[in-house]
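Chain by chain, the residues:
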Amino acid sequence: MRISLGSALRALRESRSVSLRKMESLGGPSRESTRLYEAGTTIPTVEALNRLLNALNEPLDSEVAADLLQRVRAARGETVGGLHPDQQKQLVETVVRLI
């Protein structure tokens, strides 16, 4: 079972032994924002996610970063691969009907 976005963000931060306060001082999102992201109350923007990853020294081209970015974009309803999630679903349904 896949863990939630917030749990994944918390696990990454804790795996680096970085407190909310320390991450904020390293240029990451504010403690309150990070707390909300980790609780799943708020979804970070792509910019906020990049700041969080940079503060944790996670390379932006890593598999972890790519997974988190895809999850943030999907949760925010942003396009992935040039298509909105609704368009992706419609395309898949059309292809399945044609097969």
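Just above, that's the structure.
As a starting point, this report considers the structure included with it. Residue indices begin from 1 for each chain and proceed along its sequence in written order. Residue-level local features of this predicted model are given only where pLDDT is at least 70; pairs of side-chain atoms are given and counted only at 80 or more, and the full residue set underlies all totals for whole chains, interfaces and linings. The basis for every side-chain value is the complete set of non-hydrogen atoms in the structure, without hydrogens or water.

### Re the pattern of salt bridges
- Should a side-chain nitrogen of Lys or Arg be within 4 Å of a carboxyl oxygen of Asp or Glu, the pair is scored as a salt bridge. Here the structure, examined in full by the defined rule, presents six salt bridges.
- Between R10 and E38 there is a salt bridge, with its nearest N and O atoms 3.5 Å apart. Here the residue R10 occupies a position in helix α1 (residues 5–15), and E38 occupies one in helix α3 (residues 31–39), the gap between them amounting to 28 residues.
- Given a relative accessible area of 29%, R10 falls into the partly exposed group.
- Across the pair R71 and D67 runs a salt bridge whose closest N-O atoms are separated by 3.3 Å. Counting from the N terminus, the helices are the DSSP runs of H or I reaching at least four residues and the strands are the DSSP runs of E reaching at least two. Burial status follows relative accessibility: with a 1.4 Å probe on protein chains alone, a residue under 20% of its type maximum counts as buried, one over 50% as exposed, and anything between as partly exposed.

### Details of the side chain of R71
- Relative to the helices and strands, R71 resides in helix α5 (residues 63–76).
- Judged by its relative accessible area of 12%, R71 falls in the buried class.
- Discounting chain neighbours no more than four positions away, the residues touching R71 are R2, I3, S4, L5 and A8. Whether two residues touch is decided by their heavy atoms; if any such pair falls within 4.5 Å, the residues are in contact.

### Examining a nonpolar patch on the surface
- Two distance rules govern patches: like charges are joined within 9 Å, and nonpolar side chains (Val, Leu, Ile, Met, Phe, Trp, Tyr) within 5 Å, applied only to residues with over 30% relative accessible area and no salt bridge. Note on areas: Shrake-Rupley with a 1.4 Å probe; residue coverage comes only from the protein chains shown. A cluster of nonpolar side chains, contributed by L91, V95 and I99, occupies part of the molecular surface with about 320 Å² of accessible area.
- By the secondary structure assignment, L91 is in helix α6 (residues 85–98).
- Judged by its relative accessible area of 46%, L91 falls in the partly exposed class.

### Quick look at the side chain of R13
- In this fold, R13 is placed in helix α1.
- Judged by relative accessible area, which is 9%, R13 ranks as buried.
- Definition of a polar contact: a pair of N or O atoms within 3.5 Å, with one able to donate and the other able to accept a hydrogen when the atoms are protein atoms, and with sequence-neighbouring residues admitted only if both atoms are side-chain atoms. At 2.8 Å, the side chain of R13 and the backbone oxygen of V18 are in polar contact.
- Every residue in contact with R13, bar those within four places of it in the chain, is listed here: V18, S19, L20, M23, T34, E38 and L56.

### Structural notes on the nonpolar core
- Side-chain atoms within 4.5 Å are what join buried Ala, Val, Leu, Ile, Met, Phe, Trp, Tyr and Cys residues into a set we call a nonpolar core. Counting residues in each nonpolar core, the largest one holds 16 residues, and the members touching the most others are L9, M23, L49, L53, L56 and L68.
- Residue assignment for this core shows that the elements contributing at least two residues are α1, α4 (46–55) and α5.
- Among residues more than four places away in sequence, those in contact with L68 are L5, A8, L9, L12, L49 and L53.

### Considerations on unusual backbone geometry
- Positive phi is not limited to glycine here, since S17 has a value of about 55 degrees.
- In this fold, S17 is placed in the loop between α1 and α2 (20–25).
- Given the relative accessible area of 68%, S17 is considered exposed.
- Backbone geometry places N57, a non-glycine residue, at a positive phi of 55 degrees.
- Checked against the element boundaries, N57 lands in the loop between α4 and α5.

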